[in-house]
Amino acid sequence: MHADLDAFYASVEQLDNPELRGKPVVVGGPPEARAVVTTASYEARVFGVRSAMPMSTALRLCPQAIRVSPRFERYGEISGEVMAVFRTLTPVVEPLSMDEAFLDVTKRVSRYQRVEDIARRLKADVKAKTKLTVSIGAATNKTVAKIASDLMKPDGLVVVPAGGEAAFLAPLPVRSLWGVGPRAEETLKNAGLETIGQLAEASEAQIESLMGSRGPSLLQMARGLDDRPVEPDHERKSVGAETTFPRDLADGPELRGELRRVALDAARRLVKSEATARTVVLKLRYTNFQTISRQNSAPEGTADAEEIVSRAGALLDAVVAEGDMFRLVGVHCTNLIEVAEAKGQLGLWSESDAETGDTEGTEFS
Ligand code: TTP
Ligand code: MG
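A few points on the structure. (Residues numbered from 1 in each chain as written. Chains lettered and ligands numbered in written order. Predicted model: local features only at pLDDT ≥ 70, side-chain atom pairs only at ≥ 80, totals over all residues. Heavy atoms only, no water.)

### Overview of the nonpolar core
No. 1: With 34 residues, the main nonpolar core has Met-1, Phe-8, Phe-86, Leu-103 and Leu-122 as its most contacted residues.
No. 2: For this core, the secondary-structure elements that each account for two or more residues are β1 (2-5), α1 (8-16), β2 (25-27), α4 (72-89), β6 (100-103), α5 (115-130) and β7 (134-138).
No. 3: With residues up to four places along the chain from it excluded, the contact list for Phe-8 reads Tyr-75, Ile-78, Ser-79, Met-98, Asp-99 and Leu-132.
No. 4: Ala-241, Leu-249, Leu-255 and Ile-308 belong to the second largest nonpolar core, which has 31 residues in total. (Core = buried A, V, L, I, M, F, W, Y, C linked by side-chain atoms within 4.5 Å. Buried < 20%, exposed > 50% of the residue type's maximum accessible area, 1.4 Å probe, protein only. Helix = DSSP H or I, 4+ residues; strand = E, 2+ residues; numbered from the N terminus. Contact = heavy atoms within 4.5 Å.)

### As for the coordination of the magnesium ion (ligand 2)
No. 1: Protein coordination of the magnesium ion (ligand 2) is provided by Asp-4 (OD), Leu-5 (O) and Asp-99 (OD), with donor distances spanning 2.0 to 2.3 Å.
No. 2: Around the magnesium ion (ligand 2), the 6 donor atoms sit at angles spanning 79 to 179 degrees, and that spread fits a shape best called octahedral.
No. 3: Read N to C, the donor residues that coordinate the magnesium ion (ligand 2) are spaced as D-L-x93-D. Residue Leu-5 is found in strand β1, and its partner Asp-99 is found in the loop between β5 (93-97) and β6; the two are separated by 94 residues along the sequence.
No. 4: A residue is classified by how much of its surface remains accessible, and Leu-5, at 2% relative accessible area, is buried. (Donors = N, O, S within 2.8 Å, 3.2 Å for Na, K, Ca; no water. Tetrahedral: all angles 85-135°; square planar, octahedral: opposite > 155°, others 65-115°.)

### Looking at the side chain of Asp-265
No. 1: The residue Asp-265 is located in helix α12 (residues 253-272) in this model.
No. 2: Judged by relative accessible area, which is 9%, Asp-265 ranks as buried.
No. 3: Polar contacts involving the side chain of Asp-265 include one to the side chain of Arg-268, which spans 2.7 Å. (Polar contact = N/O pair within 3.5 Å; in protein donor to acceptor, adjacent residues only side chain to side chain.)

### Considering α5
Three- or four-residue spacings in an α-helix give side chains the same orientation, since the helix completes a turn every 3.6 residues.
No. 1: With 16 residues, α5 extends 22 Å between its outermost C-alpha atoms, agreeing within 8% with the 22 Å of an ideal straight helix rising 1.5 Å per residue.
No. 2: All of the buried residues along α5 are Val-115, Ile-118, Ala-119, Leu-122, Lys-123, Val-126 and Thr-130. Along the long axis of α5, the arc covered by the buried residues comes to 140 degrees, so they all point the same way.
No. 3: Those residues of α5 hidden inside the fold are in contact with β1, α1, α4, β6, β7 and β8 (157-159). (Expected span 1.5 Å × (residues − 1). Arc of directions from axis to C-beta.)

### Focus on the sheet that holds strand β4 (residues 66-68)
No. 1: Read from one edge of the open sheet, 3 strands run β3-β2-β4, paired in mixed fashion. The open sheet is flanked by β3 (39-40) and β4, the only strands paired with a single partner.
No. 2: As judged from the 3 bridges shared by β2 and β4, these two strands associate in the parallel manner. Among the inter-strand pairings, Val-26 is bridged to a residue of β4, identified as Arg-67.
No. 3: Sheet strands in contact with α1 are β2, β3 and β4, and its direction is about 120 degrees off that of β2. (Pairing = 2+ DSSP bridges. Axes fitted to C-alpha atoms, helices over the stretch in contact; angles between N-to-C directions.)

What follows is the structure in structure tokens.
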């Protein structure tokens, strides 16, 4: 199964503020800040408002929309609850982002337990626990399940029977396939391949000439074939950020500013990973490439950005000497405690990070 919450951020805002329910809601920063829409409630989507659209455009399309700034920590919290509900059904849960996951329920399905019933019960459980609606697609493989979950949103449930994968995909646009973005879509369209069914019937040679090395796997997908397993996420051991300066820096406002920036970035990644950290690690590289790290730990985990900034600053205070010049500074948070775990629930999970800004992010296990 692929399960994906409906209008996730906007639904959480409507949940926490009853006045927003039933109304067009857009989540994102203010238009003056040239912010974009992270998501829009289904009431706002009627007006054509979409994710990633400039907020100014969204508010022009739907002037009565209520704009709310995002509260990532809150979304992380709810996400942890939802993933915990998923894990009551099966331990084989592979989160893809805060609001979606693959679940392998193969072992649950039997003559007496149809997948429809399992999915319906999961939807009810998520609703009972969080009051949110989730759309579910179920199929014999990931590609088909993911596409199916999107088809009847919101509050959707689509089950594609075994053997019906190719027929299910055939009428859909190639764009629905994983990894087919606007450019690939254009290339395929120019070759007369607009639906997945048309793609499925093309020859391997033709697709390879159009799409290069990705051709064969794309063709397999179009034919409804995909044998990738659901891979439960492993605990991530560290999140952080570091930056190399254009020129070496001595201690001073500039170095402290860079330190602050990477510490904030590390804190942001921590929140995104739905975790708190007990340990803050400062990494420094001197002009001669010698690299050191210093760390401090606290009994309780934190994801508080200012606390991480100040602990990283204290580590720098303790190590810096007159005349030192640095070429890199990094802040890493380790000894992570997952938010769901901290709440006494089972399950460890994290999401893969998108790179933002010009600092270099790292996650290592
Ligand atoms: P999605 O699952 O893609 O979107 P959604 O849950 O808002 O709506 P639906 O699934 O019903 O179509 O993304 C989940 C959250 O991720 C979304 O609520 C906000 C965030 N997000 C962004 O911040 N930027 C984006 O461009 C997208 C697509 C999502
Ligand atoms: Mg969603």
